[in-house]
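Here's the letter readout for the chains.
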Amino acid sequence: SSGINAEYGDLQQHVDKCDAVISCLAFPIHFFSVVPYFKQVEQNVSECMKNAGKRRAIFMHSWYTDPASRNRARSPFFVKYFIGNVLEGMRQSELELEKTDHLDW
């Protein structure tokens, strides 16, 4: 549903009704800091899913979230300096998801 607040309480009622969750987040570029929202939102989604007994999830991110892959980008300068902090935020959320044992993602 569009317009759902990413706060835990707001999400729980929607997750309870779902068979699976698809998360496709987008946030503005941060030039001087990592974008923290991916990790925060996906932690909330993960917790709601755990409480609802749901396992199936798709978290749509980007290419080049692994720092080692960024030099292979068609435009490494753009990836590093313009969207690098967004990619790093996505990477942090992926690392957190890898620690979960209650999701099939």
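Above: the structure in question.
As a starting point, this report considers the structure included with it. Being a predicted model, the structure only gives us computed values, none of them experimental. (Residues numbered from 1 in each chain as written. Predicted model: local features only at pLDDT ≥ 70, side-chain atom pairs only at ≥ 80, totals over all residues. Heavy atoms only, no water.)

**Remarks on the nonpolar core**
Counting eleven residues, the largest nonpolar core is built from Leu-11, Val-15, Val-21, Val-41, Val-45, Cys-48, Met-49, Ala-57, Phe-59, Leu-97 and Leu-103. If you tally residues by element for this core, the top one is helix α2 (residues 37-52), at four residues. (Core = buried A, V, L, I, M, F, W, Y, C linked by side-chain atoms within 4.5 Å. Buried < 20%, exposed > 50% of the residue type's maximum accessible area, 1.4 Å probe, protein only. Helix = DSSP H or I, 4+ residues; strand = E, 2+ residues; numbered from the N terminus.)

**Some remarks on the pattern of salt bridges**
All told, the structure shown has five salt bridges when counted by the stated rule. Among the salt bridges present, the one from Lys-99 reaches Glu-96, with a minimum N-O distance of 3.3 Å. The exposure class assigned to Lys-99 is exposed, which follows from its relative accessible area of 63%. Residue class for Glu-96 comes out partly exposed when judged on its relative accessible area of 26%. Here the salt bridges share partners, and the residues they tie into one network are Lys-39, Glu-96 and Lys-99. (Salt bridge = Lys/Arg side-chain N within 4 Å of Asp/Glu carboxyl O.)

**Describing the packing of α2 against helix α4 (residues 84-98)**
At their nearest, the axes of α2 and α4 sit 7 Å apart, and the two run at 30 degrees to each other. In this view, α2 runs roughly parallel relative to α4, as classed from their interaxial angle. In this structure, α2 uses Phe-38, Lys-39, Glu-42 and Gln-43 to contact α4, whose residues at the interface are Val-86, Gly-89, Met-90, Gln-92, Ser-93, Glu-96 and Leu-97. Here the residues of the contact of α2 with α4 sort into four nonpolar, four polar and three charged. (Axes fitted to C-alpha atoms, helices over the stretch in contact; angles between N-to-C directions. Parallel < 35°, antiparallel > 145°, perpendicular 65-115°, else oblique. Contact = heavy atoms within 4.5 Å. Nonpolar A, V, L, I, M, F, W, Y, C, P; charged D, E, K, R; others polar.)

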